[in-house]
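Analysis of the macromolecular model
Here are the chains, one letter per residue:
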Amino acid sequence: MSTIQQILDEASKELSGLTNAEGIEAFRIRFLGKKGKIGELMARIPSLAPAERRQFGADVNKLKSELEIQLAEKKLAISEAPRNPGPVLDMTLPAIAPHAGRLHPLRQTIDEIMAIFSRMGFESVEGPEIETEFHNFTALNIPLQHASRDAFDTFYTTQGRLLRSQTSTVQIRIMQKRKPPLRMIAPGRVYRPDTVDASHSFMFHQIEGLMVDDKVSFSDLKGILHHTLRELFGKDVKVRFRPHFFPFTEPSVEVDLLWGKNRWLEILGAGMVHPKVFEAVGYDPAEVQGFAFGMGVERLAMLRYGIPDIRYFYENDRRFLRQF
Ligand code: DAH
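Cut-off values and rules
Residues numbered from 1 in each chain as written. Predicted model: local features only at pLDDT ≥ 70, side-chain atom pairs only at ≥ 80, totals over all residues. Heavy atoms only, no water. Salt bridge = Lys/Arg side-chain N within 4 Å of Asp/Glu carboxyl O. Helix = DSSP H or I, 4+ residues; strand = E, 2+ residues; numbered from the N terminus. Buried < 20%, exposed > 50% of the residue type's maximum accessible area, 1.4 Å probe, protein only. Axes fitted to C-alpha atoms, helices over the stretch in contact; angles between N-to-C directions. Parallel < 35°, antiparallel > 145°, perpendicular 65-115°, else oblique. Contact = heavy atoms within 4.5 Å. Nonpolar A, V, L, I, M, F, W, Y, C, P; charged D, E, K, R; others polar. Pairing = 2+ DSSP bridges. Near = heavy atom within 4 Å. Polar contact = N/O pair within 3.5 Å; in protein donor to acceptor, adjacent residues only side chain to side chain. Areas by Shrake-Rupley, 256 points an atom, 1.4 Å probe, with all protein chains shown as cover. Domains from an automatic or database assignment. Phe/Tyr/Trp six-rings, centres within 6.5 Å; stacked < 30°, edge-to-face > 60°. Lys NZ or Arg CZ within 6 Å of the ring centre and 35° of its normal. 1 Å grid on protein atoms, 1.4 Å probe; cavity = no way out; pocket = protein on both sides within 12 Å on 5 of 7 lines; lining within 4 Å. Points joined across faces, edges and corners; volume = space filled by probe spheres on them.

**Quick look at the pattern of salt bridges**
Across all of its chains, the model carries 15 salt bridges by this definition. Residues Arg119 and Glu231 are paired through a salt bridge, measuring 2.9 Å at the closest nitrogen-oxygen approach. In this pair, Arg119 sits in helix H5 (residues 105–119) while Glu231 sits in helix H8 (residues 218–233), placing the two residues 112 residues apart along the sequence. Judged by relative accessible area, which is 39%, Glu231 ranks as partly exposed. The residue Arg173 makes a salt bridge to Glu131 at a minimum N-O spacing of 2.7 Å. Taken together, the residues Arg173 in helix H7 (residues 168–177) and Glu131 in strand S2 (residues 130–132) connect sequence positions 42 residues apart. Relative accessible area serves as the criterion here: at 1%, Glu131 is assigned to the buried category. A cluster of three or more residues bridged by salt bridges with shared partners is formed by Glu10, Glu14, Arg30 and Lys37.

This is the structure:
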(Lines give C-alpha, C1' and ligand atoms only; values in the text may rest on other atoms or scores of the structure.)
Protein backbone atom coordinates (compact mmCIF):
# COMPACT_ATOMS: atom_id res chain seq x y z
CA MET A 1 0.00 0.00 0.00
CA SER A 2 2.73 2.38 0.94
CA THR A 3 4.55 1.66 -2.35
CA ILE A 4 1.47 2.59 -4.28
CA GLN A 5 1.12 5.88 -2.39
CA GLN A 6 4.82 6.59 -2.91
CA ILE A 7 4.56 6.04 -6.65
CA LEU A 8 1.51 8.28 -6.84
CA ASP A 9 3.29 11.09 -4.95
CA GLU A 10 6.41 10.72 -7.03
CA ALA A 11 4.42 10.71 -10.27
CA SER A 12 2.34 13.76 -9.33
CA LYS A 13 5.42 15.70 -8.40
CA GLU A 14 7.23 14.79 -11.58
CA LEU A 15 4.21 15.52 -13.74
CA SER A 16 3.81 19.02 -12.38
CA GLY A 17 7.33 19.93 -13.53
CA LEU A 18 6.77 18.81 -17.12
CA THR A 19 6.60 21.51 -19.83
CA ASN A 20 6.78 19.72 -23.18
CA ALA A 21 5.75 16.69 -25.19
CA GLU A 22 9.13 14.96 -24.81
CA GLY A 23 8.82 15.11 -21.03
CA ILE A 24 5.30 13.72 -21.19
CA GLU A 25 6.38 10.77 -23.30
CA ALA A 26 9.32 9.96 -21.02
CA PHE A 27 6.96 10.11 -18.08
CA ARG A 28 4.48 7.75 -19.80
CA ILE A 29 7.20 5.22 -20.52
CA ARG A 30 8.63 5.41 -17.02
CA PHE A 31 5.31 4.92 -15.23
CA LEU A 32 2.77 3.44 -17.65
CA GLY A 33 4.99 1.74 -20.22
CA LYS A 34 5.39 -2.05 -20.47
CA LYS A 35 8.43 -2.05 -18.26
CA GLY A 36 7.28 0.94 -16.26
CA LYS A 37 6.57 1.17 -12.55
CA ILE A 38 2.94 0.07 -12.93
CA GLY A 39 4.07 -2.96 -14.92
CA GLU A 40 6.50 -3.85 -12.17
CA LEU A 41 3.69 -3.76 -9.60
CA MET A 42 1.50 -5.94 -11.82
CA ALA A 43 4.31 -8.46 -12.19
CA ARG A 44 4.45 -8.83 -8.45
CA ILE A 45 0.83 -10.06 -8.19
CA PRO A 46 1.47 -13.77 -8.85
CA SER A 47 4.01 -13.90 -6.04
CA LEU A 48 1.60 -12.51 -3.48
CA ALA A 49 -0.36 -14.55 -1.02
CA PRO A 50 -3.75 -15.38 -2.62
CA ALA A 51 -5.62 -13.43 0.06
CA GLU A 52 -3.79 -10.20 -0.82
CA ARG A 53 -3.94 -10.46 -4.62
CA ARG A 54 -7.44 -9.07 -5.13
CA GLN A 55 -6.95 -5.94 -3.06
CA PHE A 56 -3.46 -5.28 -4.43
CA GLY A 57 -4.64 -5.75 -8.01
CA ALA A 58 -7.51 -3.32 -7.46
CA ASP A 59 -5.16 -0.72 -5.89
CA VAL A 60 -2.69 -0.97 -8.75
CA ASN A 61 -5.50 -0.53 -11.30
CA LYS A 62 -6.75 2.52 -9.43
CA LEU A 63 -3.23 3.94 -9.44
CA LYS A 64 -2.91 3.26 -13.13
CA SER A 65 -6.11 5.02 -14.08
CA GLU A 66 -5.29 7.90 -11.73
CA LEU A 67 -1.95 8.40 -13.50
CA GLU A 68 -3.59 8.14 -16.90
CA ILE A 69 -6.03 10.87 -15.98
CA GLN A 70 -3.31 13.15 -14.61
CA LEU A 71 -1.19 12.54 -17.68
CA ALA A 72 -4.05 13.36 -20.04
CA GLU A 73 -4.77 16.59 -18.16
CA LYS A 74 -1.13 17.61 -18.30
CA LYS A 75 -0.99 16.90 -22.02
CA LEU A 76 -3.96 19.15 -22.57
CA ALA A 77 -2.52 21.94 -20.45
CA ILE A 78 0.75 21.88 -22.38
CA SER A 79 -0.91 21.90 -25.80
CA GLU A 80 -3.03 24.89 -24.82
CA ALA A 81 -0.17 26.96 -23.45
CA PRO A 82 1.12 29.65 -25.85
CA ARG A 83 4.13 28.23 -27.63
CA ASN A 84 6.40 31.27 -27.25
CA PRO A 85 4.80 33.92 -25.14
CA GLY A 86 7.89 36.17 -25.52
CA PRO A 87 8.41 39.18 -23.29
CA VAL A 88 5.26 40.37 -21.61
CA LEU A 89 3.84 43.41 -23.40
CA ASP A 90 2.27 46.00 -21.16
CA MET A 91 -0.08 48.02 -23.34
CA THR A 92 -0.60 50.59 -20.62
CA LEU A 93 3.01 51.81 -20.63
CA PRO A 94 3.67 55.17 -22.36
CA ALA A 95 4.63 54.73 -26.02
CA ILE A 96 8.24 55.04 -27.17
CA ALA A 97 8.30 57.99 -29.55
CA PRO A 98 9.81 57.07 -32.92
CA HIS A 99 12.93 58.98 -33.99
CA ALA A 100 11.47 60.74 -36.99
CA GLY A 101 13.82 62.68 -39.23
CA ARG A 102 13.00 66.21 -40.31
CA LEU A 103 13.93 68.70 -42.98
CA HIS A 104 17.00 70.84 -42.52
CA PRO A 105 16.11 74.47 -41.66
CA LEU A 106 17.65 75.63 -44.95
CA ARG A 107 15.55 73.13 -46.88
CA GLN A 108 12.47 74.27 -44.97
CA THR A 109 13.22 77.90 -45.83
CA ILE A 110 13.76 77.08 -49.51
CA ASP A 111 10.55 75.02 -49.61
CA GLU A 112 8.56 77.84 -48.08
CA ILE A 113 9.90 80.40 -50.52
CA MET A 114 9.26 78.03 -53.40
CA ALA A 115 5.67 77.60 -52.22
CA ILE A 116 5.12 81.37 -52.06
CA PHE A 117 6.42 81.82 -55.60
CA SER A 118 4.55 78.80 -56.86
CA ARG A 119 1.30 80.49 -55.80
CA MET A 120 2.32 83.45 -57.99
CA GLY A 121 2.91 81.21 -60.99
CA PHE A 122 6.70 80.85 -60.73
CA GLU A 123 8.14 77.51 -61.74
CA SER A 124 11.08 76.23 -59.76
CA VAL A 125 14.08 75.09 -61.81
CA GLU A 126 17.69 74.07 -61.19
CA GLY A 127 21.03 74.52 -62.87
CA PRO A 128 24.47 72.93 -62.54
CA GLU A 129 26.89 73.89 -59.77
CA ILE A 130 29.89 73.54 -62.07
CA GLU A 131 29.50 76.26 -64.62
CA THR A 132 31.13 78.03 -67.53
CA GLU A 133 32.53 81.55 -67.32
CA PHE A 134 29.96 82.46 -69.93
CA HIS A 135 26.99 81.57 -67.72
CA ASN A 136 28.49 82.86 -64.48
CA PHE A 137 29.93 86.13 -65.85
CA THR A 138 29.98 86.96 -69.55
CA ALA A 139 26.31 86.54 -70.32
CA LEU A 140 25.51 88.42 -67.14
CA ASN A 141 27.36 91.47 -68.49
CA ILE A 142 30.17 91.11 -65.98
CA PRO A 143 33.27 92.51 -67.70
CA LEU A 144 36.52 90.57 -67.93
CA GLN A 145 38.33 92.86 -65.52
CA HIS A 146 35.58 92.69 -62.86
CA ALA A 147 36.89 91.80 -59.40
CA SER A 148 34.40 88.95 -58.93
CA ARG A 149 36.14 87.08 -61.77
CA ASP A 150 39.37 87.07 -59.82
CA ALA A 151 40.62 83.74 -58.51
CA PHE A 152 40.33 85.23 -55.02
CA ASP A 153 36.59 85.54 -55.50
CA THR A 154 35.69 82.48 -57.54
CA PHE A 155 36.68 78.81 -57.36
CA TYR A 156 38.00 77.80 -60.76
CA THR A 157 38.21 74.14 -61.69
CA THR A 158 39.67 73.05 -65.03
CA GLN A 159 38.87 73.66 -68.68
CA GLY A 160 37.54 77.15 -68.07
CA ARG A 161 34.97 75.88 -65.58
CA LEU A 162 34.19 77.16 -62.13
CA LEU A 163 31.94 76.55 -59.15
CA ARG A 164 29.13 79.00 -59.72
CA SER A 165 29.39 82.02 -57.42
CA GLN A 166 25.73 82.96 -57.90
CA THR A 167 22.49 81.34 -59.03
CA SER A 168 22.10 84.05 -61.67
CA THR A 169 23.64 81.45 -64.02
CA VAL A 170 20.27 79.69 -64.09
CA GLN A 171 18.59 82.80 -65.56
CA ILE A 172 20.91 82.47 -68.54
CA ARG A 173 20.38 78.73 -68.94
CA ILE A 174 16.60 79.01 -68.83
CA MET A 175 16.44 81.94 -71.25
CA GLN A 176 18.73 80.08 -73.67
CA LYS A 177 16.34 77.14 -73.62
CA ARG A 178 12.94 78.85 -73.60
CA LYS A 179 11.06 81.76 -75.08
CA PRO A 180 9.22 84.34 -72.95
CA PRO A 181 6.94 84.67 -71.07
CA LEU A 182 8.93 83.20 -68.19
CA ARG A 183 8.46 83.07 -64.46
CA MET A 184 11.04 81.00 -62.63
CA ILE A 185 12.85 80.67 -59.38
CA ALA A 186 16.05 78.68 -58.99
CA PRO A 187 17.26 77.59 -55.56
CA GLY A 188 20.70 76.10 -55.16
CA ARG A 189 24.23 76.17 -53.79
CA VAL A 190 26.84 78.73 -54.67
CA TYR A 191 30.55 78.83 -53.83
CA ARG A 192 32.97 81.61 -52.97
CA PRO A 193 36.47 81.44 -51.51
CA ASP A 194 35.51 83.42 -48.41
CA THR A 195 37.13 82.88 -45.05
CA VAL A 196 34.62 81.07 -42.88
CA ASP A 197 33.27 83.05 -39.94
CA ALA A 198 29.94 83.64 -38.20
CA SER A 199 28.43 85.18 -41.32
CA HIS A 200 30.50 83.73 -44.19
CA SER A 201 30.87 80.31 -45.67
CA PHE A 202 32.68 79.04 -48.78
CA MET A 203 29.36 77.47 -49.77
CA PHE A 204 25.89 78.86 -49.22
CA HIS A 205 22.46 78.90 -50.84
CA GLN A 206 20.71 81.42 -53.00
CA ILE A 207 17.32 81.61 -54.63
CA GLU A 208 17.29 83.32 -57.97
CA GLY A 209 14.14 84.74 -59.52
CA LEU A 210 13.35 85.84 -63.03
CA MET A 211 10.27 87.09 -64.76
CA VAL A 212 10.25 88.03 -68.45
CA ASP A 213 7.29 89.15 -70.52
CA ASP A 214 6.43 91.86 -73.03
CA LYS A 215 5.55 94.23 -70.21
CA VAL A 216 7.15 93.81 -66.80
CA SER A 217 7.71 96.82 -64.61
CA PHE A 218 9.76 97.75 -61.61
CA SER A 219 6.53 98.03 -59.63
CA ASP A 220 5.80 94.36 -60.43
CA LEU A 221 9.19 93.55 -58.91
CA LYS A 222 8.49 95.63 -55.82
CA GLY A 223 5.04 94.13 -55.36
CA ILE A 224 6.21 90.56 -55.69
CA LEU A 225 9.20 91.00 -53.36
CA HIS A 226 7.16 92.90 -50.80
CA HIS A 227 4.48 90.20 -50.85
CA THR A 228 7.11 87.47 -50.42
CA LEU A 229 8.71 89.19 -47.45
CA ARG A 230 5.34 89.72 -45.82
CA GLU A 231 4.59 86.02 -46.21
CA LEU A 232 7.94 85.14 -44.65
CA PHE A 233 8.20 87.71 -41.88
CA GLY A 234 4.61 88.77 -41.21
CA LYS A 235 2.50 91.51 -42.72
CA ASP A 236 4.00 94.31 -40.66
CA VAL A 237 7.48 93.80 -42.08
CA LYS A 238 9.23 97.02 -43.10
CA VAL A 239 11.09 96.83 -46.40
CA ARG A 240 13.46 99.32 -48.03
CA PHE A 241 14.51 99.37 -51.69
CA ARG A 242 17.93 101.00 -51.84
CA PRO A 243 19.62 101.94 -55.16
CA HIS A 244 22.61 99.73 -55.91
CA PHE A 245 24.65 98.49 -58.85
CA PHE A 246 24.68 95.07 -60.50
CA PRO A 247 26.06 94.56 -64.02
CA PHE A 248 23.12 92.37 -65.04
CA THR A 249 20.28 94.68 -63.99
CA GLU A 250 19.50 98.34 -64.60
CA PRO A 251 18.20 99.94 -62.50
CA SER A 252 19.30 97.78 -59.58
CA VAL A 253 18.46 97.76 -55.91
CA GLU A 254 19.37 96.07 -52.71
CA VAL A 255 16.44 95.27 -50.46
CA ASP A 256 16.72 95.73 -46.70
CA LEU A 257 14.49 94.60 -43.84
CA LEU A 258 13.98 96.73 -40.76
CA TRP A 259 15.17 94.64 -37.82
CA GLY A 260 14.34 95.73 -34.30
CA LYS A 261 14.00 99.52 -33.94
CA ASN A 262 16.57 100.87 -36.36
CA ARG A 263 18.71 98.18 -37.99
CA TRP A 264 18.34 97.72 -41.74
CA LEU A 265 19.58 94.34 -42.90
CA GLU A 266 20.31 93.63 -46.54
CA ILE A 267 18.63 90.44 -47.74
CA LEU A 268 18.61 90.46 -51.51
CA GLY A 269 19.66 92.10 -54.75
CA ALA A 270 17.30 92.80 -57.62
CA GLY A 271 16.61 94.91 -60.65
CA MET A 272 15.32 95.14 -64.21
CA VAL A 273 17.13 92.72 -66.51
CA HIS A 274 19.87 94.55 -68.46
CA PRO A 275 19.42 94.69 -72.27
CA LYS A 276 22.91 93.19 -72.65
CA VAL A 277 21.73 90.08 -70.79
CA PHE A 278 18.75 89.69 -73.12
CA GLU A 279 21.10 90.05 -76.08
CA ALA A 280 23.43 87.39 -74.71
CA VAL A 281 20.61 84.82 -74.72
CA GLY A 282 19.17 85.89 -78.07
CA TYR A 283 16.15 87.85 -76.82
CA ASP A 284 15.35 91.21 -78.41
CA PRO A 285 15.57 93.87 -75.67
CA ALA A 286 13.16 96.03 -77.62
CA GLU A 287 10.49 93.36 -77.31
CA VAL A 288 10.83 91.99 -73.80
CA GLN A 289 11.20 93.32 -70.30
CA GLY A 290 12.01 91.50 -67.12
CA PHE A 291 13.04 91.66 -63.55
CA ALA A 292 15.43 89.45 -61.62
CA PHE A 293 16.46 88.99 -58.04
CA GLY A 294 18.76 86.86 -55.93
CA MET A 295 18.42 86.20 -52.21
CA GLY A 296 20.61 84.50 -49.66
CA VAL A 297 18.84 81.59 -48.01
CA GLU A 298 21.13 81.37 -44.96
CA ARG A 299 20.63 85.06 -44.26
CA LEU A 300 16.84 84.72 -44.38
CA ALA A 301 16.83 81.58 -42.25
CA MET A 302 19.14 83.18 -39.66
CA LEU A 303 16.80 86.17 -39.36
CA ARG A 304 13.63 84.09 -39.19
CA TYR A 305 14.91 81.65 -36.60
CA GLY A 306 17.28 83.93 -34.73
CA ILE A 307 20.37 81.86 -35.58
CA PRO A 308 23.52 83.79 -34.65
CA ASP A 309 26.16 81.84 -36.59
CA ILE A 310 26.01 80.51 -40.16
CA ARG A 311 28.26 77.58 -39.26
CA TYR A 312 25.48 75.90 -37.28
CA PHE A 313 23.78 75.05 -40.58
CA TYR A 314 26.63 72.85 -41.75
CA GLU A 315 27.83 71.08 -38.61
CA ASN A 316 25.10 68.43 -38.63
CA ASP A 317 24.72 68.71 -34.89
CA ARG A 318 21.40 67.10 -34.00
CA ARG A 319 20.97 69.29 -30.93
CA PHE A 320 20.79 72.25 -33.31
CA LEU A 321 18.80 70.56 -36.08
CA ARG A 322 16.20 69.11 -33.72
CA GLN A 323 14.90 72.59 -32.97
CA PHE A 324 13.37 73.22 -36.39
N1 DAH B 1 23.76 87.47 -58.06
C2 DAH B 1 23.75 88.52 -57.05
C3 DAH B 1 24.72 88.13 -55.93
O4 DAH B 1 25.07 86.98 -55.81
C5 DAH B 1 22.37 88.71 -56.50
C6 DAH B 1 21.46 89.31 -57.52
C7 DAH B 1 21.35 90.69 -57.63
C8 DAH B 1 20.74 88.51 -58.38
C9 DAH B 1 20.54 91.25 -58.56
C10 DAH B 1 19.90 89.09 -59.32
C11 DAH B 1 19.81 90.47 -59.40
O12 DAH B 1 19.19 88.37 -60.17
O13 DAH B 1 18.98 91.02 -60.34
O14 DAH B 1 25.09 88.97 -55.17
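**Focus on the packing of helix H2 (residues 21–32) against helix H4 (residues 50–80)**
The contact between H2 and H4 brings their axes to 11 Å, and the two run at 175°. By the angle class used here, H2 and H4 are roughly antiparallel. Residues Ile24, Phe27, Arg28, Phe31 and Leu32 of H2 form the contact with H4, whose own contacting residues are Lys64, Leu67, Glu68, Leu71, Lys74, Lys75 and Ile78. A per-class count over the contact of H2 with H4 returns 7 nonpolar, no polar and 5 charged.

**Points about the pairing of strand S5 (residues 203–213)**
Within S5, 10 of the 11 residues are buried, leaving the element largely enclosed by the surrounding structure. Taken together, the 10 bridges between strand S4 (residues 182–191) and S5 define a ladder with antiparallel strand orientation. The residue bridging Val190 from the neighbouring strand is Phe204, located in S5. Direction of pairing for S5 relative to strand S9 (residues 289–296): antiparallel, over a ladder of 8 bridges. Note on S9: the bridge partner recorded for Gly209 is Phe293.

**So, the site of the ligand**
Taken together, 15 residues lie near the ligand, and Gln166, Gln171, Arg192, Gln206 and Glu208 sit nearest. At 2.8 Å from an oxygen atom of the ligand is found a side-chain nitrogen or oxygen belonging to Arg192. For the ligand, an oxygen atom lies 3.3 Å from a polar atom in the backbone of Phe293. With the chains in place, 90% of the 350 Å² that the ligand exposes on its own is no longer accessible.

**Quick notes on the domain arrangement of the chain**
What the domain assignment lists for the chain is domain 1 (2–80) and domain 2 (105–321). Relative to domain 2, the C-alpha centre of domain 1 lies at a distance of 93 Å.

**Some remarks on the packing of aromatic side chains**
Scanning all chains against the criterion turns up 12 aromatic pairs. Ring centres of Phe117 and Phe122 lie 5.2 Å apart, and the angle between their planes is 70°; on these two criteria the pair is classed as edge-to-face. Neither Phe117 nor Phe122 differs from the other in exposure class; each is buried. The ring of Phe241 carries Lys222 above its face, with NZ or CZ at 5.2 Å from the centroid. Sitting over the ring of Tyr305, Arg304 keeps its end group 5.7 Å from the ring centre.

**Re the layout of surface pockets**
By rolling a water-sized probe across the atoms, one finds the places where empty space is left. Its volume calculated, the largest pocket comes out at about 1,200 Å³. Every residue lining the largest pocket is counted, 50 residues in all, and those nearest its centre are Arg192, Phe204, Gln206, Glu266 and Gly296. Of all the secondary-structure elements, those providing two or more residues to the lining of the largest pocket are H7, S5, strand S6 (239–246), strand S7 (249–259), strand S8 (263–273), S9 and helix H10 (297–305). Considering each element in turn, the lining of the largest pocket owes the most residues, 8 residues, to S8. Here the lining of the largest pocket is composed, by residue class, of 22 nonpolar, 19 polar and 9 charged.

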